[in-house]
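Residues per chain are reported as follows:
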Amino acid sequence: MESRCYSQVFNLTLNNFDNNNVNRIAPSSRKRNLSLQKRIKSNTMPDKIIIAIDGYSSCGKSTVAKDLARKLGYAYIDSGAMYRSVTLFALRNNWIVDGKPDREKIINGLGQISITFRFNKETGQNTTFLNGENVEERIRGLDVSNNVSPVSAIKEVRQAMVKLQRQIGKKKGIVMDGRDIGTVVFPHAELKIFMTASPEIRAKRRYDELVAKGQQVSMEEIIANINERDYIDQNRQESPLRQAEDAIVLDNSNFTLEGQLEWALKRALEIINRKNEGRN
Ligand code: DC
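Residues numbered from 1 in each chain as written. Predicted model: local features only at pLDDT ≥ 70, side-chain atom pairs only at ≥ 80, totals over all residues. Heavy atoms only, no water.

Below, the discussion takes up the pairing of strand β6 (residues 114-120). Burial within β6 is extensive, with 6 of its 7 residues counted as buried. Pairing analysis gives 6 bridges linking β6 to strand β7 (residues 125-130), with the strands arranged antiparallel. Bridging from a neighbouring strand, Asn 120 pairs with Gln 125 of β7. Hairpin connection from β6 to β7: 4 residues lie between these consecutive antiparallel strands, with Gly 124 at a positive phi of about 70°. (Buried < 20%, exposed > 50% of the residue type's maximum accessible area, 1.4 Å probe, protein only. Helix = DSSP H or I, 4+ residues; strand = E, 2+ residues; numbered from the N terminus. Pairing = 2+ DSSP bridges.)

Set out below in structure tokens:
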């Protein structure tokens, strides 16, 4: 049965979020390897930090974020999945017509939306549920991608998401990726990474990802979608995508997956160790 392999991580019901339901188990903490423990200089439980990863669409934020969370035994939260879930709900209710979201209907409908992240023990990944339905694959489709930017530009949608994201981050030990995590959601995050990669590389990665999932797409569609999302994300009035002043830039155009993880892990451990040294 599908439910057997899931354990609840976060239950984000938009109209009645209950912080006590937040299960702080860091899913992979038990698997944290010995070499990492040697790199954390602490005799006691090390202090946890918040890691904010922002950047353009399709530049590999979620890959670094997931890998980093797994290594550190932190929870990974994909804030884009929340905006995608709201968009899917709006599409299904015909609240978006010809690419134009009906603001009022979406704002009034927020109370009907429950977004849940559950940890899938088999894949080792979080899975997104919308009102109890597994939408992890569905929210990655082009119809959602084509409509998510205007939906995420709605002030009230952002306010609701930011509120939930801050609740999740209350106890730290979290890696969250998005567009405004270091600037708006967690302006005091201990580590802020701003990711970028060349447009050709981003388009190719997105294309490969969708084709691998069996979706029929063209490179032209992907490039048009990436360009449009970049434009809206950077130019919207509400929390536009921008690099936080204290963020460090990771251009991963020429990094291997291992290389970018090591780069990020090194920075995270420097901060965690500095924090622990201050405490000891
Ligand atoms: O990370 P992603 O591509 O799955 O995000 C989907 C969309 O959601 C993206 O076009 C912009 C929006 N988004 C946002 O506005 N703020 C965030 N923190 C995360 C995503």
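The subject of this paragraph is the sheet that holds strand β10 (residues 191-196). Strand order in this open sheet of 5 strands is β3-β9-β2-β10-β11, and the pairing throughout is parallel. Taken across any chain shown, the strands that pair with only one partner, and hence form the sheet edges, are β3 (75-78) and β11 (248-251). Averaged over all pairs of adjacent strands, the angle between their axes in this sheet comes to 20°, without regard to strand direction. Looking at chain direction, strand β2 (residues 50-55) and β10 are connected through 5 bridges and run parallel. Bridge pairing in β10 links Gly 55 to Met 195. Helix α3 (residues 79-92) contacts β3 and β9 (174-178) of the sheet and is inclined by roughly 40° relative to β3. (Axes fitted to C-alpha atoms, helices over the stretch in contact; angles between N-to-C directions. Contact = heavy atoms within 4.5 Å.)

Turning to the pattern of salt bridges, a few remarks are in order. For the structure on display, the rule yields 18 salt bridges. The closest approach of N and O atoms between Lys 105 and Asp 102, which form a salt bridge, is 3.8 Å. Relative accessible area serves as the criterion here: at 43%, Lys 105 is assigned to the partly exposed category. Asp 233 is the salt-bridge partner of Arg 236, the closest N and O atoms lying 3.8 Å from each other. (Salt bridge = Lys/Arg side-chain N within 4 Å of Asp/Glu carboxyl O.)

In this model, helix α6 (residues 155-169) (15 residues) spans 21 Å end to end at C-alpha, consistent with the 21 Å of a helix rising 1.5 Å per residue. Listing the buried residues of α6 in full gives Val 157, Arg 158, Met 161, Val 162, Leu 164, Gln 165, Gln 167, Ile 168 and Gly 169. (Expected span 1.5 Å × (residues − 1).)

What follows covers the site of the ligand. Taken together, 15 residues are adjacent to the ligand, and Arg 84, Arg 158, Asp 180, Arg 229 and Arg 236 come closest. The contact in question runs from a nitrogen atom of the ligand to an N or O atom on the side chain of Asp 180, over 2.8 Å. Contacts to the ligand include Asp 233, whose side-chain N or O atom sits 3.4 Å from an oxygen atom. Its free accessible area being 440 Å², the ligand has 95% of it covered by the protein chains. Elements with a minimum of two residues in the shell around the ligand: α3, α5 (142-152) and α9 (219-235). In terms of residue count, the dominant contributor to the shell around the ligand is α3 (4 residues). For the shell around the ligand, the class distribution of residues is 3 nonpolar, 5 polar and 7 charged. (Near = heavy atom within 4 Å. Polar contact = N/O pair within 3.5 Å; in protein donor to acceptor, adjacent residues only side chain to side chain. Areas by Shrake-Rupley, 256 points an atom, 1.4 Å probe, with all protein chains shown as cover. Nonpolar A, V, L, I, M, F, W, Y, C, P; charged D, E, K, R; others polar.)

Our next topic: the packing of α3 against α5. Where α3 meets α5, the closest approach of the two axes is 8 Å, and the angle between their N-to-C directions is 105°. On the basis of their axis angle, the class for α3 and α5 is roughly perpendicular. Residue-level contacts link Tyr 83, Arg 84, Val 86, Thr 87, Leu 88 and Leu 91 of α3 to Asp 143, Val 144, Ser 145, Asn 147, Val 148, Val 151 and Ser 152 of α5. Looking at the contact of α3 with α5 residue by residue, the class counts come to 7 nonpolar, 4 polar and 2 charged. (Parallel < 35°, antiparallel > 145°, perpendicular 65-115°, else oblique.)

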